Amino acid sequence: MSCPDCITHQIGSSAFADALDASHRPEDLPLAGSIELTLNCNLRCRHCYIRYPGAADNEMDTAQVKRILDKLADAGVLFLLMTGGDVLVRPDFRELYLYAKQKGFLVTIYTNATLVDEAMADFLVEHPPRRIEITIYGHSEETYNYVTHKPFAFDRFREGIRLLMERDLPVFFKTMVLKSNRHEFEAIKSWVEDELKKPFRYDAIVNPRLNGDQDVLEERITPEEVARLQYDTDDESARFDRLRTLADQAPEDPRLFKCGAGIKTFHVDPRGMMHPCMMWRHTPYNLLTGTIDGWKDHVRNLRSMESPEDTACRSCSNRMACGNCAATSFLEAGEAGRNLDYYCAINKEREKLMDFRMFAV
Ligand code: SF4
Ligand code: SF4
């Protein structure tokens, strides 16, 4: 998972969201954040970045999660993503979800949908979320069950979707493009857009597991495939060109965090640890015992950090368009801010696509 799967997109663009954003002061906690209720899941996906021994140890109980929600609500957070693992494996999911709604959060739920039954679908009709986002792991039964390592997962996934869709709940779809399901990408996209008539988005870059294990990178598609899937449009080429020109005219950028981590988003994990985003986890702040003011100091310190002096990313022409960030480089190279071959190769492919389009005009 990378930024496309984080929470910034779910706020969307609307007069309401734009007005809120404009009145939001930089010293406030971000309007949108995420809370991971558990790292447990009923599936065992090949690419899953949170599936490793001990990942789900020492998770918060009901009262502790409520304490976190109280702190976030008091600090003015409005858009809250509840994610996992799968949130529906928590026996107290309904209680926590209702508590969040009572606190006034506009809640988005991420789920694989395989645990949605009639009762859960009816519950969500009675207490509707702002969005329900479902990840699709394959179009055929064979691929879906292969990716998720569960023989009956596909049927349950399709049934969960049917139950949510027939109740007209606000369901959105996305997929993670993997070596194991790449051949079904077009079929997944067409099923969502043409048959279900729903918006669709996808992420094509697999990251290492949060404990640093890199075996999941086996599921990465090639840099050329990433570039062709994500960036092969006139708009993307123009954007890439613009960002390259800007980067060439700008001085070297020593900042480690060039994104909105901590100022546009935050993430709370199942142990009550707060992070600037979902992928950066190695400077945890304990929000169970700490305060929002303490967190803000923590973020200020984090965001003043600099990348290594000898990293190619500081002066690279592609740095403003590149998906490599502090979190991805730490996970993959063990050093935040370090350049990564895979991302460099993706950007080289983008350059080729851009050149090709320019010559074609
Ligand atoms: S559904 Fe999500 S959390 Fe569960 S195993 Fe798959 S990727 Fe991991
Ligand atoms: S990872 Fe490579 S392409 Fe991306 S900013 Fe660093 S040097 Fe440039």
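Residues numbered from 1 in each chain as written. Chains lettered and ligands numbered in written order. Predicted model: local features only at pLDDT ≥ 70, side-chain atom pairs only at ≥ 80, totals over all residues.

Draft legend 1. Inspection of the overall build of the chain at higher detail. Of the regular secondary structure elements, the chain holds 13 helices and nine strands. For 361 residues, the compact-globule estimate of 2.2 N^0.38 gives 21 Å, and the C-alpha radius of gyration of the chain, at 20 Å, lies within 12% of that figure. Its C-alpha atoms give the chain principal-axis dimensions of roughly 55 × 50 × 45 Å. Across the 361 residues in the chain, those meeting the buried criterion constitute 40%. (Helix = DSSP H or I, 4+ residues; strand = E, 2+ residues; numbered from the N terminus. Rg over C-alpha atoms; globule rule 2.2 N^0.38 Å. Buried ≥ 20, exposed ≤ 12 C-beta atoms within 10 Å, placed from the backbone.)

Draft legend 2. Geometry of the site of ligand 2. Every residue close to ligand 2 is listed here: Ala-312, Cys-313, Cys-316, Asn-318, Arg-319, Cys-322, Asn-324, Asn-339, Leu-340, Tyr-343, Cys-344 and Asn-347. In terms of residue class, the shell around ligand 2 is built from seven nonpolar, four polar and one charged. (Near = placed C-beta within 6 Å. Nonpolar A, V, L, I, M, F, W, Y, C, P; charged D, E, K, R; others polar.)

Draft legend 3. The domain arrangement of the chain, seen in detail. For the chain, the assigned domains are domain 1 (3-221 + 258-304) and domain 2 (222-256 + 307-361). Tallied by class, the residues present in the side of domain 1 that touches domain 2 amount to nine nonpolar, three polar and two charged. (Domains from an automatic or database assignment.)

Draft legend 4. Focus on the environment of Arg-158. By the secondary structure assignment, Arg-158 is in helix H7 (residues 153-165). Counting along the chain gives 46 residues from Arg-158 to Ala-204, while the straight-line C-alpha distance between them is 23 Å.

Draft legend 5. Expanded view of the pairing of strand E4 (residues 131-136). Pairing between strand E3 (residues 106-111) and E4: four bridges, direction parallel. What sits directly across from Thr-108, in E4, is Arg-131. Of the crossover connections in this fold, the one passing from E3 over helix H5 (residues 118-126) to the parallel E4 is right-handed. As judged from the five bridges shared by E4 and strand E5 (residues 171-176), these two strands associate in the parallel manner. The partner of Glu-133 across the bridge, within E5, is Phe-172. (Pairing = 2+ DSSP bridges. Right-handed = clockwise from strand over helix to strand, strands pointing away.)

Draft legend 6. Inspection of unusual backbone geometry at higher detail. The backbone phi angle of Ala-113 is positive, close to 75 degrees, even though this residue is not glycine. For Ala-113, the location among the structural elements is in the loop between E3 and H5. Unlike most non-glycine residues, Asp-168 shows phi in positive territory, near 60 degrees. Along the polypeptide, Asp-168 turns up in the loop between H7 and E5.

Draft legend 7. The nonpolar core, seen in detail. Ranked by size, the top nonpolar core spans 70 residues in total, and within it Leu-80, Met-82, Ala-100, Val-107 and Ile-134 carry the most contacts. When residues of this core are assigned to domains, at least three map to each of domain 1 (3-221 + 258-304) and domain 2 (222-256 + 307-361). In contact with Met-82, other than residues within four places in its own chain, are Ile-35, Leu-37, Val-87, Tyr-97, Ala-100, Val-107 and Ile-109. (Core = buried A, V, L, I, M, F, W, Y, C linked by C-beta atoms within 7 Å. Contact = placed C-beta atoms within 7 Å.)

Draft legend 8. Spotlight on the site of ligand 1. Near ligand 1, the surroundings consist of Cys-41, Leu-43, Arg-44, Cys-45, Cys-48, Ile-50, Arg-51, Gly-84, Gly-85, Asp-86 and Asn-112. The residue makeup of the shell around ligand 1, split by class, is five nonpolar, three polar and three charged.

Draft legend 9. Fine view of the sheet that holds strand E1 (residues 32-36). Pairing within the open sheet is mixed, and its nine strands lie in the order E6-E5-E4-E3-E2-E1-E7-E8-E9. If you trace the sheet from one side to the other, it starts and ends with strand E6 (200-203) and strand E9 (285-286), each paired once.

Draft legend 10. Just the packing of helix H6 (residues 141-148) against H7, in detail. Where H6 contacts H7, the two axes come as close as 8 Å, and the packing angle between them is 105 degrees. In terms of orientation, H6 and H7 fall into the roughly perpendicular class. Contact residues: Glu-141, Tyr-144, Asn-145 and Thr-148 in H6; Ala-153, Phe-154 and Phe-157 in H7. (Axes fitted to C-alpha atoms, helices over the stretch in contact; angles between N-to-C directions. Parallel < 35°, antiparallel > 145°, perpendicular 65-115°, else oblique.)

Draft legend 11. Main features of the environment of Lys-296. Structurally, Lys-296 is set in helix H11 (residues 292-303). For Lys-296, a count of 17 C-beta atoms within 10 Å gives the class partly exposed. Counting along the chain gives 37 residues from Lys-296 to Cys-259, while the straight-line C-alpha distance between them is 16 Å.

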